[in-house]
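# A structural walkthrough
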Amino acid sequence: MTKTQRLIKRILEIDNMQNVACVCENWQEFCFELEEWGVTSAAKVEFDDPELDTQELDRFIFAENGYIREEV
């Protein structure tokens, strides 16, 4: 499992994170919102880790926003 997949799985497991994902347009906005709470990582992965696939994370956040439902 990649860091990106691990992070998506963790977001889906935590209701508060999934709720934030549902109101954000993209990964950058999601990170900004959580940073306001002092949260900068999940599943032992920092949100700014250069190994993360930010395009996949953008698609995930978009899907959580209710437009497309993808299984991860």
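In this report, the structure presented in the accompanying data block is examined. (Residues numbered from 1 in each chain as written. Predicted model: local features only at pLDDT ≥ 70, side-chain atom pairs only at ≥ 80, totals over all residues. Heavy atoms only, no water.)

### Considerations on the pattern of salt bridges
For clarity, the threshold we go by: Note on definitions: salt bridges are taken to be side-chain nitrogens of Lys or Arg within 4 Å of carboxyl oxygens of Asp or Glu. Helix numbers and strand numbers start at the N terminus; a helix is a DSSP run of H or I with at least 4 residues, a strand a run of E with at least 2.
If you walk through the whole model with that rule in mind, you get four salt bridges. Linking Glu13 and Lys9 is a salt bridge whose minimum nitrogen-to-oxygen distance equals 2.7 Å. Here the residue Glu13 and the residue Lys9 both occupy positions in helix α1 (residues 3-13), the gap between them amounting to four residues, near one helical turn. Put simply, Lys3, Asp49 and Glu51 are held in one network by salt bridges that share partners.

### Describing the nonpolar core
Stated precisely, the cut-off is as follows: We define a nonpolar core as any set of buried Ala, Val, Leu, Ile, Met, Phe, Trp, Tyr and Cys residues linked to one another through side-chain atoms lying within 4.5 Å. Three labels apply to residues, based on accessible area from a 1.4 Å probe with only protein chains included: buried if under 20% of the type maximum, exposed if over 50%, partly exposed otherwise in between. Only heavy atoms matter for contacts: two residues are in contact if any of them lie within 4.5 Å across the pair.
The biggest cluster of nonpolar side chains holds 18 residues, and the ones touching the most others in it are Leu7, Ile11, Met17, Trp27, Phe30, Phe47 and Ile61. Among the secondary structure elements, those contributing two or more residues to this core are α1, α2 (15-23), α3 (27-35) and α4 (54-64). With four residues, α3 is the single largest residue contributor to this core. Those residues in contact with Ile11 that sit more than four places away from it in its chain are Met17, Gln18, Ala21, Trp27, Phe30 and Phe60.

### Focus on a negative patch on the surface
The line we're drawing: Every patch collects residues that have over 30% relative accessible area and no salt bridge, joining them within 9 Å if they carry like charges and within 5 Å if they are nonpolar side chains (Val, Leu, Ile, Met, Phe, Trp, Tyr). Surface accessibility follows the Shrake-Rupley procedure with a 1.4 Å probe radius. Residue values consider only the protein chains on display as shielding. Positive charges come from Lys and Arg, negative ones from Asp and Glu, while His and the chain ends are left out of the count. Think of each charge as sitting on NZ of Lys, CZ of Arg, CG of Asp or CD of Glu.
A contiguous patch of negative charge on the surface is contributed by Glu33, Glu35, Glu36, Glu46 and Asp48. With respect to the element layout, Glu33 can be found in helix α3.

### Re α3
Side chains three or four residues apart in an α-helix point the same way, a direct result of the helix having 3.6 residues per turn. Stated formally: Note: the arc covers the axis-to-C-beta directions of the helix.
Buried within α3 are the following residues: Trp27, Phe30, Cys31 and Leu34. In a view along the axis of α3, the buried residues occupy a sector of 95°, so they form one face of it. Looking at the buried side of α3, the elements it contacts are α1, α2 and α4.

### Points about the side chain of Thr4
Inspection of the secondary structure puts Thr4 in helix α1. Beyond its immediate stretch of four places on either side in the chain, Thr4 contacts Glu51, Leu52, Asp53, Glu56 and Leu57.

### A word on the environment of Val39
The residue Val39 is located in the loop between α3 and β1 (41-42) in this model. A relative accessible area of 24% means that Val39 is categorised as partly exposed. Separated by 15 residues in sequence, Val39 and Thr54 place their C-alpha atoms 18 Å apart. In contact with Val39, other than residues within four places in its own chain, are Met17, Leu34 and Phe47.

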